[in-house]
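If you want the building blocks of each chain, they are given just below.
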Amino acid sequence: MDNMKKFGFCLAHIFGILIVSLFLITLLNYFGVVSSVGMNVFKMILLFFSLFIGGFINGKRSEKDGWLEGLKLSGIVILLFFLLSLLFSTYKWGLKTNLFYLIIIGVTTFGSMIGINQKKENASK
């Protein structure tokens, strides 16, 4: 139960950041400040930023093995994205999708490793 609470807290941060930032980017696109190409770039950057922050929080809340906690969190995120893409679009498996999922795994795992190292530095001071 404690793991579900920890991952739920991290997922809430990830999707909270995503929803607020995507709303702002969409608002900027609506008023013509950001082009459609710029919007796509911002969406990817914000996705990876939110995954890094979620992984960082996950690492700070974990006791050991930040990389393993990051893999668990990225597995949950990938499963959610996979189910959402099956539900709302015609899903096509390919190299682009695999690369996207590998980047998600890498960013979230890296965030968790940085978070657990940050936690150890704060504990020693």
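One can find the structure itself at the top, above this paragraph.
Residues numbered from 1 in each chain as written. Predicted model: local features only at pLDDT ≥ 70, side-chain atom pairs only at ≥ 80, totals over all residues. Heavy atoms only, no water.

1. A closer look at helix 3 (residues 66-88)
Count 3.6 residues to each turn of an α-helix, and residues three or four apart come out pointing the same way.
Item 1. Given a rise of 1.5 Å per residue, 23 residues ought to cover 33 Å, and the 33 Å separating the end C-alpha atoms of helix 3 matches this to within 8%.
Item 2. Of all the residues in helix 3, the buried ones are G66, E69, G70, L73, S74, V77, I78, F81 and S85. (Helix = DSSP H or I, 4+ residues; strand = E, 2+ residues; numbered from the N terminus. Expected span 1.5 Å × (residues − 1). Buried < 20%, exposed > 50% of the residue type's maximum accessible area, 1.4 Å probe, protein only.)

2. A look at helix 1 (residues 2-30)
Item 1. Between its terminal C-alpha atoms helix 1 stretches 42 Å, which fits the 42 Å expected from 29 residues at 1.5 Å a residue.
Item 2. Every buried residue of helix 1 is listed here: K6, F7, C10, L11, I14, L18, S21 and I25.
Item 3. Along its buried surface, helix 1 packs onto helix 2 (36-61) and helix 3.
Item 4. Positive phi shows up at G32, right after helix 1, with a value of about 80°. (Contact = heavy atoms within 4.5 Å.)

3. A short note on unusual backbone geometry
Backbone geometry follows two general trends: most residues other than glycine have a negative phi, and most peptide bonds adopt the trans configuration.
Item 1. Even without glycine at this site, D65 takes up a positive phi of about 55°.
Item 2. Overall, D65 belongs to the partly exposed group, its relative accessible area being 36%.

4. Examining the packing of helix 1 against helix 2
Item 1. Packing of helix 1 against helix 2 leaves a shortest axis separation of 9 Å and a crossing angle of 160°. Of the possible angle classes, the one that applies to helix 1 and helix 2 is roughly antiparallel. Here helix 1 and helix 2 pass one another in a crossing that is right-handed.
Item 2. Among the residues making up the contact of helix 1 with helix 2, the classes are represented as 16 nonpolar, eight polar and three charged. (Axes fitted to C-alpha atoms, helices over the stretch in contact; angles between N-to-C directions. Parallel < 35°, antiparallel > 145°, perpendicular 65-115°, else oblique. Left-handed = near helix turned anticlockwise from the far one by under 90°. Nonpolar A, V, L, I, M, F, W, Y, C, P; charged D, E, K, R; others polar.)

5. Side note on the nonpolar core
Item 1. In terms of nonpolar packing, the biggest core is built from 16 residues, with I14, L51, V77 and I104 touching the most fellow members.
Item 2. Residue assignment for this core shows that the elements contributing at least two residues are helix 1, helix 2, helix 3 and helix 4 (95-124).
Item 3. A total of five residues in this core trace back to one element, the largest contributor, which is helix 1.
Item 4. Once residues lying within four places of it in the same chain are set aside, the contact partners of L51 are I14, V77, I104, V107 and T108. (Core = buried A, V, L, I, M, F, W, Y, C linked by side-chain atoms within 4.5 Å.)

6. Points about the environment of L80
Item 1. Mapped onto the elements of the fold, L80 is located in helix 3.
Item 2. Excluding its chain neighbours within four sequence positions, the residues that come into contact with L80 are L11 and F15.

7. A closer look at the packing of aromatic side chains
Item 1. Applying the stated criterion across every chain yields a total of seven aromatic pairs.
Item 2. Each ring, one from Y30 and one from F31, has its centre 5.3 Å from the other, and the planes form 75°; the classification is edge-to-face.
Item 3. Since its relative accessible area comes to 67%, Y30 is described here as exposed.
Item 4. Aromatic ring contacts, followed pair by pair, group F15, F48, F81, F100 and Y101 into a single cluster. (Phe/Tyr/Trp six-rings, centres within 6.5 Å; stacked < 30°, edge-to-face > 60°.)

8. Observations regarding the side chain of N58
Item 1. Along the chain, the position of N58 falls in helix 2.
Item 2. Taking the relative accessible area as the measure of exposure, N58 reaches 0% and is therefore buried.
Item 3. Residues in contact with N58, not counting those within four places in the same chain, are K6, F7, C10, E69, G70, L73 and S112.

Don't take any of this as a statement about function, it's just geometry.
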